[in-house]
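# Descriptive analysis of the structure
Each chain, written out:
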Amino acid sequence: MDNKNVIICRCSDVTMEELYDLFDKGYTSFEELKRIKRVGMGPCQANTCGKMVQWELAKYLNKPLEDVKFQNYRPFTLGVKLNAIKEASEDEDES
Amino acid sequence: MERGMYMRHKEAVIIGAGPAGLKAAKSLCEAGASVTIIDRNKDLGGQLTKQTHKFFGSEKQYASVRGIEILKILLNDLLEYGTQCEILNETSVVGLYHDKVIACVKDDKFFKIKAESIIIATGASEKSIPFENNDLPGIYAAGAVQTLMNQYGVKPGDKVLMVGSGNIGLIVSYQLMQAGVEVVKLVEAAPSISGYLVHASKIQRLGVDILTQTSIKRAIGKEQVEKVELWNLDETWQGMEGSEQTLEVDTVCISVGLAPLTELLMQVGAEVMYVRELGGNVPKIDHRYQTTVKGVYACGDVCGIEEASSAMVEGALSGIHAAFDLGYTIDDEKRKVKALKEELKFLRSGPHAAKIRAGYNKLGVMI
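Here the structure is a predicted model, which is why all the values come from computation and not from measurement.

Thresholds applied
Sequence order as written defines the numbering, with residues in each chain counted from 1. For this description, chains carry letters from A and ligands carry numbers from 1, given in the order in which they are written. Only residues with pLDDT of 70 or above have their local features reported here, since the model is predicted, and side-chain atom pairs are shown and tallied only from 80 upward, although totals for entire chains, interfaces and linings are computed over all residues. Based on all heavy atoms of the structure, the side-chain values leave hydrogens and waters out of the count. DSSP calls a pair of strands paired once it identifies at least 2 bridges connecting them. Each helix is a run of DSSP H or I of at least 4 residues and each strand a run of E of at least 2, with the numbering of both proceeding from the N terminus. Helix axes use the C-alpha atoms of the stretch in contact, all axes being lines fitted to C-alpha atoms, and the angles between their N-to-C directions lie in the range 0 to 180 degrees. In what follows, a contact means two residues having at least one pair of non-hydrogen atoms within 4.5 Å. Using a 1.4 Å probe, buried area is obtained as the accessible area two parts lose upon being combined, added over both of them. We define a salt bridge as a contact between a side-chain nitrogen of Lys or Arg and a carboxyl oxygen of Asp or Glu at a distance within 4 Å. Polar here means any residue other than Ala, Val, Leu, Ile, Met, Phe, Trp, Tyr, Cys and Pro, which are nonpolar, and Asp, Glu, Lys and Arg, which are charged; Gly is therefore polar. Exposed residues in this analysis have more than 50% of their type's maximum accessible area, buried residues have under 20%, and partly exposed residues fall in between, with area computed by a 1.4 Å probe over protein chains only. Planes of paired rings set the category: under 30 degrees apart is stacked, over 60 is edge-to-face and the rest tilted, where pairs are Phe, Tyr or Trp rings (Trp by its six-membered ring) whose centres lie within 6.5 Å. Think of it as a cone above the ring: NZ of Lys or CZ of Arg counts as a charge over the ring if it is within 6 Å of the ring centre and within 35 degrees of the ring normal. When describing relative orientation, an angle under 35 degrees is termed roughly parallel and one over 145 degrees roughly antiparallel, while 65 to 115 degrees is termed roughly perpendicular and anything else oblique. Here a crossing is taken to be left-handed if its near helix is turned anticlockwise relative to the far helix by less than a right angle, and right-handed if that turn runs clockwise.

### Points about the sheet that holds strand β13 (residues 227–232) of chain B
The pairing of strands in a sheet comes from backbone hydrogen bonds and takes either a parallel or an antiparallel form. Residue and element names in this part refer to chain B. Strand order in the open sheet formed by three strands is β12-β13-β14, with antiparallel pairing between adjacent strands. Each edge of the open sheet is held by one strand with a lone partner, namely β12 (214–220) and β14 (245–248). Between one strand axis and the next, the sheet turns through 30° on average, direction left out of account.

### Focus: the interface of chain B and chain A
In this complex, chain B contributes 40 residues to the contact, which on the side of chain A involves 38 residues. Taken together, the two surfaces of chain B and chain A that pack against each other cover about 3,200 Å², and 58% of this comes from carbon and sulfur. At the junction of chain B and chain A, the tally comes to four salt bridges. A salt bridge links lysine 81 of chain A to aspartate 108 of chain B; the nearest nitrogen and oxygen atoms lie 3.0 Å apart. Contributions of two or more residues to the side of chain B that touches chain A are made by β4 (91–96), β5 (101–106), β6 (109–120), β7 (124–126), α6 (263–268) and β18 (280–283) of chain B. Along the lines of polarity and charge, the residues of the side of chain B that touches chain A split into 16 nonpolar, 12 polar and 12 charged.

### A word on the pattern of salt bridges
Here the idea is simple: oppositely charged side chains can pair when their charged atoms come close. All names here are of chain A. Under the counting rule described, the total for this entry stands at 29 salt bridges over all chains. Put simply, glutamate 31 and arginine 74 hold a salt bridge, and the shortest N to O gap is 3.9 Å. Taken together, the positions of glutamate 31 in helix α2 (residues 30–37) and arginine 74 in the loop between α3 (49–61) and α4 (82–94) put the pair 43 residues apart, joining distant regions of the chain. Taking the relative accessible area as the measure of exposure, glutamate 31 reaches 18% and is therefore buried.

### A short note on the packing of aromatic side chains
Applying the stated criterion across every chain yields a total of seven aromatic pairs over all chains. Plain terms: the ring middles of phenylalanine 23 of chain A and tyrosine 60 of chain A are 5.1 Å apart, the flat faces sit at 50° to each other, and that makes the pair tilted. Pair noted here: phenylalanine 23 of chain A is in helix α1 (residues 16–24) and tyrosine 60 of chain A is in helix α3, with a separation of 37 residues, a long-range link. Judged by relative accessible area, which is 1%, phenylalanine 23 of chain A ranks as buried. Aromatic pair phenylalanine 76 of chain A and phenylalanine 110 of chain B: ring centres 5.7 Å apart, planes at 45°, arrangement tilted. Taken as a pair, phenylalanine 76 of chain A in the loop between α3 and α4 and phenylalanine 110 of chain B in strand β6 lie in two separate chains rather than in one. According to the relative accessible area criterion, phenylalanine 76 of chain A is partly exposed, its value standing at 27%. Three or more aromatic residues joined by ring pairs form one cluster here, namely Tyr20, Phe23 and Tyr60 of chain A. Sitting over the ring of phenylalanine 70 of chain A, lysine 51 of chain A keeps its end group 4.4 Å from the ring centre. Positioned over the ring face of tyrosine 174 of chain B is lysine 202 of chain B, at 4.2 Å from the centre of the ring.

### Topic: the packing of helix α7 (residues 308–325) of chain B against helix α8 (residues 333–347) of chain B
All names here are of chain B. The contact between α7 and α8 brings their axes to 10 Å, and the two run at 155°. Here α7 is positioned roughly antiparallel relative to α8, judged by the angle of their axes. With respect to the hand of their crossing, α7 and α8 are arranged in left-handed fashion. Of the residues in α8, those touching α7 at Ser309, Ser310, Val313, Glu314, Ala316, Leu317, Ile320, His321 and Phe324 are Glu333, Lys336, Val337, Leu340, Lys341, Glu343, Leu344 and Leu347.

Keep in mind that these numbers describe shape and distance, not what the molecule does.
So, in structure tokens, the structure goes:
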């Protein structure tokens, strides 16, 4: 399989090859991978790539899936326009 | 938005208007609580909106009625409660906080809801698999194909490779054929077909080959999928060089299972546990569907991937418990809960539900 052409994270266009390069460099947790490569930080918030990354990590580390920690989730789940927050907070100040 | 609407106070908020969420809403309304249902889609119903097939399961959970017809019944049930049941559709929950504040976006407007009780019924998302050129146009998840075909009447392609033999893969294959689309082959990575044999036989009778221990190696095409290469898998699920075969298809439909959508549960601080048999991370719920955060409940596929029938029963149960905790007296509560629990036990009694039973056992939930 040519790992250059296998997309793992389609939001941030991260390939299987890039993922394994990072594994080899020692980045073997989702939290690290997402900070370095933005995998799982796009619109799908790891709902598509997350399970695949977890699977590949389990294979690479030779661990059961249960032992590969998944990423943490924080607000917001979607992009929110700054203007929407600004308008809402102005409303809050007045009310 | 009106002035002063920045932080709305609500009694019971249900996130997700699929089979579980709609049933939870009904239980809460029945008990007298004010309910707000939030769903990111325009049409309520979750997966029911595209399920044109008839249900199995039990008569009480509408066996032999089509999913889209069940949806009409569930929505109709809520209509009689009028404004007691508020519906916020096309509304996305973007954040959920420990103090039961729900951050929402609707029509580019941002607002928050402070709820006394929250039921999370967000369902699941589709899993995917890695293969070469998996970003070519023409590669869909099975749910997307169902949405295109059954909800919007759009044909996804002419010649399809179906990947995955779970019930969704089998049912969508049949629906594709009904729509005049050729299902060229169905491949399954496991050694045996994973969905109901009755669904598998139906498409096999119509001439679809089901290949087990086979997967997609790569998609081939310039602007879109033109061909696919399949290969056999060994007992460690690795592709075997030299076993490749090429098929001419213009569409690949991926149906390799679902994973619970637990992001909101994790945001609110509810403990989750990875249970393979239930599809991934699931909330640690007690026997009353309450998560480890007081006043936050979960039901349906977000608690473990099952059928819509069980989701409906779980929804009804969690609604009753949430209403009770809000201080409402429910007529005949004990009998209702007992009957629903028996119903759930029946739905999970068959050999196909062995995995589900094992999963809940791991989670420590009595079923």
